[in-house]
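A closer look at the structure
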Amino acid sequence: MLNIKMKVVENVAVANEVYRMNLVGNVPQLVPGSFVELSVPGFYLRRPFSVAATAEGRLMLIYKVVGKGTAAMKDFPVGMELDVIVGLGNGFDVARARRSALLIGGGLGVAPLYQLAVALKKRGVDSTLCAGFNSANDIFLKEEFADVCTEIRYATMDGSCGMKGLVTEQLLDIEYDTFYSCGPLPMLKAVQAATHTPGQLSLEARMGCGYGVCMGCTILTVSGPKRVCKEGPVFEKEELVW
Amino acid sequence: MVDTTVNLCGVKLQNPVIPASGTFGFGAEMSEFYDLDLLGSISIKGTTLEPRFGNPTPRIAECAEGMLNSVGLQNPGAEHVAKVEIPQLRQRFHQPVIGNICGFSIDGYRECCRLIAPQVDIVELNISCPNVHNGGMAFGTTADGAAAVVQAVRDVCDRPLLVKLSPNVTDIVAIAKACELAGADGITLINTLLGMRIDLRRRQPILAQKMGGFSGPAVFPVALRMVYQVSKACNIPVVGCGGVRTAEDVVEMMMAGATAVEVGSENLRNPFACKEIVENLPAVMNDLKISKLTDIIGIIE
Ligand SMILES: Cc1cc2nc3c(=O)[nH]c(=O)nc-3n(C[C@H](O)[C@H](O)[C@H](O)COP(=O)(O)OP(=O)(O)OC[C@H]3O[C@@H](n4cnc5c(N)ncnc54)[C@H](O)[C@@H]3O)c2cc1C
Ligand SMILES: Cc1cc2nc3c(=O)[nH]c(=O)nc-3n(C[C@H](O)[C@H](O)[C@H](O)COP(=O)(O)O)c2cc1C
Ligand code: FES
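Keep in mind the model is a prediction, meaning the values are calculated, not measured.

Criteria and cut-off values
- Residues numbered from 1 in each chain as written.
- Chains lettered and ligands numbered in written order.
- Predicted model: local features only at pLDDT ≥ 70, side-chain atom pairs only at ≥ 80, totals over all residues.
- Helix = DSSP H or I, 4+ residues; strand = E, 2+ residues; numbered from the N terminus.
- Rg over C-alpha atoms; globule rule 2.2 N^0.38 Å.
- Buried ≥ 20, exposed ≤ 12 C-beta atoms within 10 Å, placed from the backbone.
- Contact = placed C-beta atoms within 7 Å.
- Domains from an automatic or database assignment.
- Near = placed C-beta within 6 Å.
- Nonpolar A, V, L, I, M, F, W, Y, C, P; charged D, E, K, R; others polar.
- Expected span 1.5 Å × (residues − 1).
- Bend = angle between axes of the 7 residues up to and from the residue.
- Pairing = 2+ DSSP bridges.
- Axes fitted to C-alpha atoms, helices over the stretch in contact; angles between N-to-C directions.
- Parallel < 35°, antiparallel > 145°, perpendicular 65-115°, else oblique.
- pLDDT = per-residue confidence, 0-100.
- Core = buried A, V, L, I, M, F, W, Y, C linked by C-beta atoms within 7 Å.
- Right-handed = clockwise from strand over helix to strand, strands pointing away.

This part covers the overall build of chain A. Scanning chain A from N- to C-terminus turns up 4 helices and 16 strands. Radius of gyration (C-alpha) of chain A: 17 Å, near the 18 Å computed for a compact globule of 242 residues. Each of the three principal axes of chain A carries a C-alpha extent, and together these read 50 × 40 × 35 Å. Within chain A, the fraction of its 242 residues that count as buried is 48%. For chain A, long-range pairs separated by at least 24 residues make up 60% of all intrachain contacts whose partners lie at least 6 apart in sequence.

Here the focus is the domain arrangement of chain A. All names here are of chain A. Looking at chain A, the domain boundaries give domain 1 (2-88) and domain 2 (94-202). Taking only C-alpha atoms, the centre of domain 1 and the centre of domain 2 are 23 Å apart. On the side of domain 2, 15 residues touch domain 1, which itself brings 13 residues to the contact. Of all the elements in the fold, those that place two or more residues in the side of domain 1 that touches domain 2 are β1 (2-15), β5 (53-55) and β6 (58-64).

A separate point is the site of ligand 1. Around ligand 1, a shell composed of 22 residues is seen, among which Ser 50, Tyr 63, Gly 67, Gly 69 and Thr 70 of chain A lie nearest. Residues near ligand 1 are shared among chains A and B, making this a multi-chain site. Counting residues per element, the ones that place at least two in the shell around ligand 1 are β4 (47-50), β6 and α1 (68-73) of chain A. No other element matches β4 of chain A, which puts 4 residues into the shell around ligand 1. Tallied by class, residues from the shell around ligand 1 come to 12 nonpolar, 4 polar and 6 charged.

Further remarks concern helix α8 (residues 273-287) of chain B. All names here are of chain B. Over its 15 residues, α8 extends 20 Å from the first C-alpha to the last, a length consistent with the 21 Å expected when each residue adds 1.5 Å. At Leu 281, α8 is deflected by roughly 40°, the largest bend along its length, and proline Pro 282 occurs up to four residues later in sequence. Summarising the contacts, the buried residues of α8 are in contact with β3 (17-19), α6 (247-256), β16 (258-263) and α7 (266-269). Looking one or two residues beyond α8, the residue adopting positive phi is Lys 289, at roughly 60°.

Moving on, we get to the pairing of β1 of chain A. All names here are of chain A. Pairing between β1 and strand β7 (residues 81-88): 6 bridges, direction antiparallel. Along β7, the bridge assignment pairs Asn 3 with Ile 85. In textbook terms, the turn of a hairpin is the stretch between consecutive antiparallel strands, and for β1 and strand β2 (residues 18-25) this stretch comprises 2 residues, one of which, Glu 17, has a positive phi near 65°.

For ligand 2, the set of nearby residues contains 28 residues, the closest of which are Ala 20, Gly 22, Gly 46, Ser 215 and Gly 264 of chain B. Two or more chains meet at ligand 2, and those chains are chains A and B.

Now for the packing of helix α5 (residues 220-233) of chain B against α6 of chain B. Residue and element names in this part refer to chain B. Closest axis-to-axis distance for the α5/α6 pair is 8 Å, and the angle between their directions is 30°. Relative to α6, the element α5 lies roughly parallel. The segment α5 lies against α6, with Phe 220, Leu 224, Val 227 and Tyr 228 engaging Asp 249, Glu 252, Met 253 and Ala 256. Taken together, the residues of the contact of α5 with α6 break down into 6 nonpolar, no polar and 2 charged.

What follows concerns the environment of Pro 130 of chain B. Note that Pro 130 of chain B resides in the loop between β8 (122-126) and α3 (143-156). As a C-alpha pair, Pro 130 of chain B and Pro 19 of chain B span 111 residues in sequence and 24 Å in three-dimensional space.

This next bit is on the interface of chain B and chain A. It is common to report an interface's size as the accessible area lost on association of the parts. With 28 residues of chain B at the interface, the matching set in chain A holds 20 residues. Listed by contribution, the elements that provide at least two residues to the side of chain B that touches chain A are β5 (60-63), β6 (66-69) and α7 of chain B.

Here the focus is the confidence of the model for chain B. The pLDDT averaged across chain B works out to 96; a share of 98% of its residues lies at or above 70. Scoring the predicted complex yields pTM 0.96 and, for the interface, ipTM 0.95.

Residue and element names in this part refer to chain B. The strand order β5-β6-β14-β11 describes an open sheet built from 4 strands, whose pairing is antiparallel. Two strands close off the open sheet at either side, each with one partner strand: β5 and β11 (193-196). Strand-to-strand twist of the sheet, defined as the mean angle between neighbouring strand axes without regard to direction, takes the value 40°. In terms of strand pairing, β6 meets strand β14 (residues 211-215) through 3 bridges, oriented antiparallel. Bridging from a neighbouring strand, Asn 69 pairs with Gly 213 of β14.

This next bit is on the nonpolar core. Counting 173 residues, the largest nonpolar core has Val 123, Cys 179, Ile 187, Val 227 and Val 261 of chain B as its most contacted members. Counting residues per element, this core draws most heavily on helix α2 (residues 111-122) of chain A, which supplies 8 residues. Looking at which domains feed residues into this core, each of domain 1 (2-88) and domain 2 (94-202) of chain A gives three or more. Setting aside residues up to four positions removed in sequence, Cys 179 of chain B forms contacts with Ala 146, Ala 147, Val 150, Val 163, Ala 184 and Ile 187 of chain B.

The next point concerns the sheet that holds β4 of chain A. All names here are of chain A. Reading across the sheet, the 7 strands line up as β4-β3-β7-β1-β2-β6-β5 and stay open at both edges, with antiparallel pairing between neighbours. Two strands lie at the open edges of the sheet, namely β4 and β5, each paired on one side alone. Direction aside, the axes of adjacent strands within the sheet are offset by 35° on average. In the sheet, β5 pairs with β6 via 3 bridges, with the strands oriented antiparallel. Note that in β6 the partner of Ala 53 across the bridge is Met 60. Strand contacts of α2: β4, β5 and β6, with the helix running at about 45° to β5, the strand carrying the most contacts.

Below, the discussion takes up the pairing of strand β15 (residues 238-241) of chain B. All names here are of chain B. Taking every second residue as pointing to the same face, both faces of β15 are buried, with Val 238 and Gly 240 on one and Val 239 and Cys 241 on the other. Where strand β10 (residues 186-189) lies against β15, 3 bridges are found, and the strand directions are parallel. Pairing of Thr 188 across the sheet is with Val 239, part of β15. The pairing of β15 with β16 spans 4 bridges and is parallel. Across the sheet, residue Gly 240 finds its bridge partner in β16, namely Val 261. Crossover connection from β15 via α6 to parallel β16: handedness right-handed.

This is the structure in C-alpha cells:
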C-alpha cells in the first residue's frame, strides 16, 4: 500500500461510456488483480478501480461512467495531479497456471484480466479469454488482448459481437488447468458452476477505506469473514459461499 | 516549543489526537502507512464478548462531506482481542491504548470489560448498542439505561472509564450527567448520527440495513455543540469526536471543552489524517498564540 501523486497523461473514451485513463508517477510493481483508490475532488470517499495494466512508472485504468464520481473523472484534464493509493488487495496468483489458463470476464470485470493476460504470457502460459458484454460497442482493449491471448471468445447479449448470450455458455470445450474471473456477481456464480478446476474470482464491494480498517466490505467465506479490500478482492472458488 | 500534552482521566497523552474506534482497526494496517507512535492514543475497534460478523452488505454509503456506515460491530470477540490483537498492537505502539467495548446486555458489557480492561489503559464504553432485553432500544438513549450499564461496568473496571454517547437523543446533558453520577471518569462525544440514503435507480436504500450511522466533516458542528454543552454541565473530562479533519478542528473542539479529540472517518479517506493533524498542531498553536494546549480547554463561556 502506497499513497502517491500521479499525473493524468491520457483520459479518452474507448467504448460506450467507458474511458481509459493513463497515469504516470512513482508506482511500485503491482500484481495483476490488485486495485487502486482514487481521490476524486469534491467527493468524500475514494473510488476503487482495478489496475488494467502497469509498466514502469505507469498505470492504466479502464472505467465506466456509472455515477457522479466517474462522471467527474471523465473530465479530468491531461496534466491533472491525482492522489492515488496503489497496491491494494491481494491480486491473482499467476504462478499456479502451468500451461493454459482460462480468463472469464464480464463488462468492466474484463479490465484487470488484461494485466493478468500480460503476466501469463510472460510466463509462457496460453490464455483463452472469454469476455461477455451487452453489446459490441461496450467492448474495450480488443487489439491489446489479441496480442497476449491465444484464443478470444466474445459473447454479447444482443449478438452484435461473437456469440449471442452469456459468456458462461461457451466454456465447455476449452481446455485449461486453472481459471481466473472478474465480473458482476451473477456471472461469477455461473462461473463457479460452469468451471471444472480450481480457480480464482475477483469480487466488488462498497468500500469505506479500501485498506482494511473500516470493515465496510466484509463477505462471509467458508473460513469466516474476509475483507474484500484486504484478503480479497481475489478469492478461491472454493472459499465463496453465496 | 509548544506543549501539546494533555491529561485524560489521569493518563498522560503526548498529544490529544486519537484515532476513533472503528476507523483504525487494531492498528496493523495503518502502521504500514506511518509510525503509530506519534499518536496520543488509539481507540481500538469496538469489541463485543462474542465474535460478530456484523450486518449484511452494502454497509457503506457516501454523503456530501461524510458517509453512512452500518458495519454492525464486526469484531473477532473479546478473548481474541485481548489475547491477540492488543498484544500485537502493543508491539508496534508504545502509547496508551483505549479499549472500546460494547454489548447487547448488561452481562455482555461486564464480561467484555473483564476481558479487555486489564489489557488497556483506558476503557471506552460504547452505549449506542441496542439492548436485547429491552426491545432493542439502545442503552444510551435514556438516562436510566445509560446509568445502569455504566454502574454495572464500573464495578468490574479498574481502569479509567470513558462513556461514549449517542447523539441520537433529545437531552444529551441529562444522559451525560447520569453517566457521571454512575461513576464515569469521562465522556466521549459523539458516536454517529442515524441517517439514510436511497439509490434512485434501484429505488432501494443504499445500505442493506436501510439506516446507518452518519459521520464525517458534516457532523462537526453537532459534535462541537454537544462537547460544549456537556463539558459545561459535567465535572469530568470530555473527549470530542465527530467530523474532525484538521489541527484547527482539534483546537476548536478543545476550546469548546474537549480534553482530547478523536478522529474517525477522516482516516478512511486520508490514511495520513492523524499524522498530518499531529504534525500541523504546533504550527497552528503558534499561529493562534497557544503555548500550552491545556490552557484553551473549555475557554468558551
Ligand atoms: C476492487 C474494485 C475494483 C473495481 N474496478 C473497476 C474498474 O476497473 N472499472 C470500473 O469502471 N469500475 C470498477 N469498480 C467499480 C467502481 O469502483 C465504481 O463504479 C465507482 O466507485 C462508481 O463511482 P461513482 O461515483 O461514479 O458512482 P456513485 O454511485 O455515485 O458512487 C457512490 C458511492 O458508491 C460507491 N460505488 C458505486 N458503485 C460501486 C461499485 N460497483 N463497486 C464499489 N463501489 C461502488 C462509490 O465508490 C461511492 O463511494 C471497482 C470496484 C471495486 C470494489
Ligand atoms: C466505519 C465506522 C465504524 C465505526 N465503529 C465504531 C465502533 O466499533 N465503536 C464505536 O464506539 N464507534 C464506532 N464508530 C464511530 C466513530 O468512532 C465516531 O464516533 C464517529 O464516526 C464520529 O466521528 P467522525 O465524524 O470523525 O467519523 C464507527 C464509525 C465508522 C465510520
Ligand atoms: S473497505 Fe474498509 S475494510 Fe475494506
